[in-house]
Amino acid sequence: MNAIGQPMSRVDGRRKVTGGARYTADISLPRAAHAAIVHSRIANGRTVSIDTTAAARAPGVLAVLTHHNLPHMKPVPWSHLHPQGQTYLPLQDDKIHYAGQPIAIVVAETLDQAAYAGTLIKIEYEVDRPVVFKPQMAREAVEPAQRMWPLRSSVGDAEKAIADAAVRIERTYTMPDRHHNQMEPHATLALWDDDGTLTLYDSTQMVVGTRRLASLVLGVPEEKINVVCEFLGGGFGGKSWSWPHTLLAALAAKAVNRPVRLPLTRAQMYSMVGHQAATVQTIALGSDRDGKLTGIRHDSVSPTSVFDDYVEYAALASRHLWRASGGISTSHRVVYVNRNTPVVLRAPMEAQGHFALESAMDELAYATGVDPVELRLRNDTDTDPYSGRPFSTRAMRKCITEGAARFGWDRRTPKPRSMRDGRYLIGQGMAAAIFTHWRWPAKARVTLNGGGSALVEAAAHDIGTGTYTVMAQVAADALGLTPDKVAVRLGDTRLPESHPAIGSSTVSNATAAVMLAAQAARKKAVLLALNGRDAPFAGAAADDVIVADGRLSLARTNLSTSYAELLARNGLSNLVGDGDYDPVEEVNGPKAVFSFSAVFAEVRVDPDLGLVRLSRVVGAYDAGRIINPKTARSQAIGGIIWGVGQALLEQSETDPMLGRFVNRNYSGYLVPTNADIPELDALFVGEFDEEASPLGSKGLGELTAVSVAPAIANAVYHATGKRVRDLPITVEKVL
Ligand code: MOS
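Residues numbered from 1 in each chain as written. Predicted model: local features only at pLDDT ≥ 70, side-chain atom pairs only at ≥ 80, totals over all residues. Heavy atoms only, no water.

Student: Is there a simple way to think about the overall build of the chain in this case?
Tutor: Counting secondary structure elements, the chain contains 17 helices and 27 strands. Computed over C-alpha atoms, the radius of gyration of the chain comes to 27 Å, within 12% of the 27 Å expected from 2.2 N^0.38 for 735 residues, which places it in the range of a compact globule. Once the C-alpha set of the chain is aligned to its principal axes, its extents read approximately 80 × 75 × 50 Å. Long-range pairs, those at least 24 residues apart, make up 80% of the contacts in the chain with a sequence separation of at least 6. On the chain, roughly 27200 Å² of surface is accessible, and the fraction owed to carbon and sulfur atoms is 51%. Taking the 77 positively charged and 76 negatively charged side chains of the chain as two groups, their mean positions are separated by 2 Å. (Helix = DSSP H or I, 4+ residues; strand = E, 2+ residues; numbered from the N terminus. Rg over C-alpha atoms; globule rule 2.2 N^0.38 Å. Contact = heavy atoms within 4.5 Å. Areas by Shrake-Rupley, 256 points an atom, 1.4 Å probe, with all protein chains shown as cover. Lys, Arg positive; Asp, Glu negative; His and termini not counted. Charge placed at Lys NZ, Arg CZ, Asp CG, Glu CD.)

Student: In this structure, what is going on with the nonpolar core? I would like to understand it.
Tutor: Burial of nonpolar side chains together is a common tendency in soluble globular proteins. Counting 93 residues, the largest nonpolar core has Leu 285, Trp 322, Phe 600, Val 603, Ile 712 and Ile 729 as the members making the most contacts within it. Discounting chain neighbours no more than four positions away, the residues touching Val 603 are Leu 425, Ile 426, Gly 427, Val 612, Arg 613, Leu 614, Ser 615, Ile 712, Ala 715, Val 716 and Ala 719. Counting residues in each nonpolar core, the second largest holds 51 residues, with Met 73, Val 207, Val 208 and Leu 218 among its members. (Core = buried A, V, L, I, M, F, W, Y, C linked by side-chain atoms within 4.5 Å. Buried < 20%, exposed > 50% of the residue type's maximum accessible area, 1.4 Å probe, protein only.)

Student: Looking at this structure, I do not really get the sheet that holds strand E13 (residues 279–287). What am I missing?
Tutor: Whenever strands of a sheet pair, they do so through backbone hydrogen bonds, lying parallel or antiparallel. The strand order E7-E15-E14-E13-E8 describes an open sheet built from 5 strands, whose pairing is mixed. The two strands at the open ends of the sheet, each matched to only one other strand, are strand E7 (153–156) and strand E8 (167–175). The mean angle between the axes of side-by-side strands here comes to 10°, regardless of whether they run parallel or antiparallel. Strand direction decides the pairing type here: E8 and E13, joined by 9 bridges, are antiparallel. Looking at the pairing, Tyr 173 lines up with Gln 281 of E13. (Pairing = 2+ DSSP bridges. Axes fitted to C-alpha atoms, helices over the stretch in contact; angles between N-to-C directions.)

Student: Help me understand helix H6 (residues 244–256) in this model?
Tutor: Note: α-helices contain 3.6 residues per turn, so residues at a spacing of three or four share the same orientation. Given a rise of 1.5 Å per residue, 13 residues ought to cover 18 Å, and the 18 Å separating the end C-alpha atoms of H6 matches this to within 8%. Burial within H6 is extensive, with 11 of its 13 residues counted as buried. Along H6, the positions that sit buried rather than exposed are Pro 244, His 245, Thr 246, Leu 247, Leu 248, Ala 249, Ala 250, Leu 251, Ala 252, Ala 253 and Val 256. Asn 257 sits one or two positions beyond H6 and adopts a positive phi of about 55°. (Expected span 1.5 Å × (residues − 1).)

Student: Would you mind going over the domain arrangement of the chain with me for this structure?
Tutor: What the domain assignment lists for the chain is domain 1 (31–129 + 183–234 + 239–270), domain 2 (137–177 + 275–438 + 589–734) and domain 3 (440–583). Taking the mean C-alpha position of each, domain 1 and domain 2 sit 36 Å from one another. Counting residues at the interface gives 22 residues for domain 1, matched by 27 residues for domain 2. Both faces combined, the contact of domain 1 with domain 2 buries some 2300 Å², and carbon together with sulfur accounts for 57% of it. Among the residues forming the side of domain 1 that touches domain 2, the class breakdown is 11 nonpolar, 8 polar and 3 charged. (Domains from an automatic or database assignment. Buried area = accessible area lost by both parts, 1.4 Å probe. Nonpolar A, V, L, I, M, F, W, Y, C, P; charged D, E, K, R; others polar.)

Student: Please clarify how the environment of Thr 482 should be interpreted in this entry.
Tutor: Here Thr 482 lies in the loop between helix H11 (467–479) and strand E20 (486–490). Each C-alpha atom, one on Thr 482 and one on Ala 472, is 8.6 Å from the other, the two residues being 10 residues apart in sequence. Within polar-contact distance, the side chain of Thr 482 engages the side chain of Asp 484 at 2.5 Å. (Polar contact = N/O pair within 3.5 Å; in protein donor to acceptor, adjacent residues only side chain to side chain.)

Student: What's the story with the side chain of Thr 210 in this structure? I'm lost.
Tutor: Counting through the fold element by element, Thr 210 comes out in helix H5 (residues 207–218). Note on Thr 210: relative accessible area 1%, which makes it buried. Not counting the four nearest positions on each side in its chain, Thr 210 is found in contact with Leu 200, Asp 202, Thr 204, Val 227, Ser 242 and Thr 246.

Student: Is there a simple way to think about the packing of aromatic side chains in this case?
Tutor: With the rule as written, the count across this model stands at 17 aromatic pairs. Between Tyr 270 and Tyr 669, the aromatic rings sit 6.2 Å apart at their centres with planes inclined by 50°, giving tilted as the arrangement. Of this pair, Tyr 270 sits in the loop between strand E12 (260–263) and E13 while Tyr 669 sits in the loop between helix H15 (629–649) and strand E27 (679–684), placing them 399 residues apart in sequence. For Tyr 270, a relative accessible area of 1% puts it in the buried group. Judged by its relative accessible area of 1%, Tyr 669 is buried. Chaining the aromatic ring pairs together yields one cluster made of Trp 149, Tyr 313, Trp 438 and Trp 440. It is Lys 254 that lies over the ring of Trp 192; its NZ or CZ is 4.1 Å from the centre. Across from the ring centre of Tyr 424, 4.8 Å away, lies the NZ or CZ of Arg 604, which sits over that ring. (Phe/Tyr/Trp six-rings, centres within 6.5 Å; stacked < 30°, edge-to-face > 60°. Lys NZ or Arg CZ within 6 Å of the ring centre and 35° of its normal.)

Student: Explanation requested: a negative patch on the surface in the structure shown.
Tutor: Residues Asp 578, Asp 580, Asp 582 and Glu 585 make up a contiguous surface patch of negative charge. Within the fold, Glu 585 resides in helix H14 (residues 584–587). Relative accessible area serves as the criterion here: at 73%, Glu 585 is assigned to the exposed category. (Patch = residues over 30% accessible without salt bridge, like charges linked within 9 Å, V, L, I, M, F, W, Y side chains within 5 Å. Salt bridge = Lys/Arg side-chain N within 4 Å of Asp/Glu carboxyl O.)

Student: Sorry, what's going on with the sheet that holds strand E16 (residues 419–421) here?
Tutor: Strand order in the open sheet formed by 5 strands is E16-E17-E25-E26-E27, with mixed pairing between adjacent strands. Pairing within the sheet leaves two strands with one partner each, and these edge strands are E16 and E27. Looking at each pair of strands side by side, their axes are set apart by 25° on average, direction ignored. Bridge count between strand E26 (residues 611–622) and E27: 6 bridges; the pairing is parallel. Its bridge partner being in E27, Val 617 is matched across the sheet by Leu 680.

Student: Looking at this structure, I do not really get unusual backbone geometry. What am I missing?
Tutor: Note: most peptide bonds trans; most residues except glycine with negative phi. In this structure, Ala 347 follows Arg 346 across a cis peptide bond, with omega equal to -15°. Along the chain, the position of Ala 347 falls in the loop between strand E15 (327–336) and helix H8 (350–368). Backbone torsion omega between Leu 727 and Pro 728 reads -5°, so that peptide bond is classified as cis. Following the sequence through the fold, Pro 728 ends up in the loop between helix H16 (708–720) and helix H17 (731–734). One non-glycine residue, Arg 417, lies in positive phi territory at about 65°. Tracing the backbone shows Arg 417 in the loop between helix H10 (396–407) and E16. Phi is positive for Arg 556, close to 65°, though the residue is something other than glycine.

Student: In this structure, what is going on with the pattern of salt bridges? I would like to understand it.
Tutor: Between side chains of opposite charge, a pair can form as their charged atoms come close. The full count for this structure, using the stated rule, is 41 salt bridges. For the salt bridge of Glu 687 with Lys 398, the shortest nitrogen-to-oxygen distance reads 3.7 Å. Linking Glu 687 in the loop between E27 and H16 with Lys 398 in helix H10, this pair joins segments that are 289 residues apart in sequence. For Glu 687, a relative accessible area of 54% corresponds to the exposed category. Looking at Lys 398, the relative accessible area reads 32%, which means it is partly exposed. Among the charged side chains, a salt-bridge network with shared partners connects Arg 171, Asp 362, Glu 363, Arg 723 and Arg 725.

Student: Explanation requested: H16 in the structure shown.
Tutor: Its 13 residues give H16 an end-to-end C-alpha distance of 18 Å, which sits within 8% of 18 Å, the value for a rise of 1.5 Å per residue. Backbone geometry just after H16 places Gly 721 at a positive phi near 80°.

Following this line, the structure appears as structure tokens:
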């Protein structure tokens, strides 16, 4: 029986729920000291003086480091950023560019002593008025000099197509800043060995990238740095970049010649590490009277820090989702403000872009009188409008039709305010989505042990999605073992180099490398059975060897041997297979690879209170072959809940005068709780996609967070007749 396709429970589930899983801040090292960061209260200006006298004399204090005595770091060249992150390094000079910028780090015997001593530091500032982002600033936005991808795109003549169209829609949609709010705060534990080797236990989505960055900035060769992260208590993109505290922990450990443990406070989680930038997006659609698109224009503006060109590529969605006969154009611009550099947040680009595009599509449905489901079917395309390449697989039609069937869309009456349950207005809305399929190179090692068990090793991550489990399934099938015989080790740069846990890419890339490594180990075993000492299958063909249940057997014979016997006979304790997956060539291949979805939402709106309650959601997904339906379903449920937060609750507020994020705790930042979440239904309609990955899978995790917000916003319109174009949909916007 194949392990792939089985709804296996997480192999690390028991450890996690019993407290056996050690997260970064749980790790204790002998002689470890503790550190706390003192950060800027102002958002723009400089420090005139920093008096650390009292702090240095406080109980337990080992060191107080500021820009006066911290060793200088080497600047990070922008090209090394991946994904886009903050290049500005902490404690290098007296300048202040954002509230929450580190000013000092205190190291003490205990965390409380470090935090207390921090409060004794006297800082005098020269304060300049901060530049604070407001949506009206979109008019002054500019194109940044540095960019990851083209800022603009133009296929055909969108402007003309829209001008000539029978039906035109032009609307602006806005979304606020959001924070990741991982339950596990960022934390680093830094340790220098006597030989100068630096080990960073770090809560990160990229052990390899963190090692590279630390090497560049600290001037330590990569071979002398280990980065370790076995478990993540939430990443969501916020840990896909190294923030200042990681480097500060390393330098502090060097300064006191002891290991240093540095967890961020909850408040610092809103100011010292990344966030999702607000967007102001304008969409213009042109269509014929039947709702067939003739033109799409999508322009997005987002704020970034004063020192980095972070672009939120929200208009990407419109390049790829629907066909428009006359043309599609997109653009991205930024506004430089006093804040730290934004970063990706599940699902970057797409989740914001689809709110605008799929809300506009709903507006077009009402403008043309075409049902929203039918409108999408009419604009479906087999060819990527941006590149002109055919999609490898695109089960969009299935997502829409099967999702609609499961939801019962045919019972919906299209007119706003036409469906009621007592005093509640019922609204039903839908939205579709396309999500970039990311491909990264990845290595893995699989060791087949004499006892008939196997070990998978890779410097990849389980960000909480079930990677340990899925890798065990994949290796088990390739080796003919049951998954319980496969152990998986991840999150350590001493293991074969893999990619960051970003872009919902781990199954398709890192896990593909595991499959290749397991196949290589199996091949070695097969060769031993054919040609090794006292070869049991001597003279037979490799293709006739069947591997199952920890045994090798020869087709059409009763000959068989176990891995254990085979290794013992050859005097080997193990067989090692190396996997090296390099999909780079395929990126520019003949096919465009994306995953797809359609999301259907129903809301109940209290007409007197403006309160929106979600009553059910159906998501239909094309993410290629599903390796584990149980963890995949968990992804979908998590993604929908994430989208509910975006739609109804989440926003980070900035003080307009002080330029600070005012959210400092969960109490001031609403996320969905169980009481907000109704029955959720996920169905998977994709098929094996050989272009996407040797495993046939496409990115899933972030896809499921996309188009939840427009489905809900469209449902709110259907319920109330009120079009909310500014997230989150709070009561005052509904009333
Ligand atoms: Mo995901 S926001 O690409 O970590």
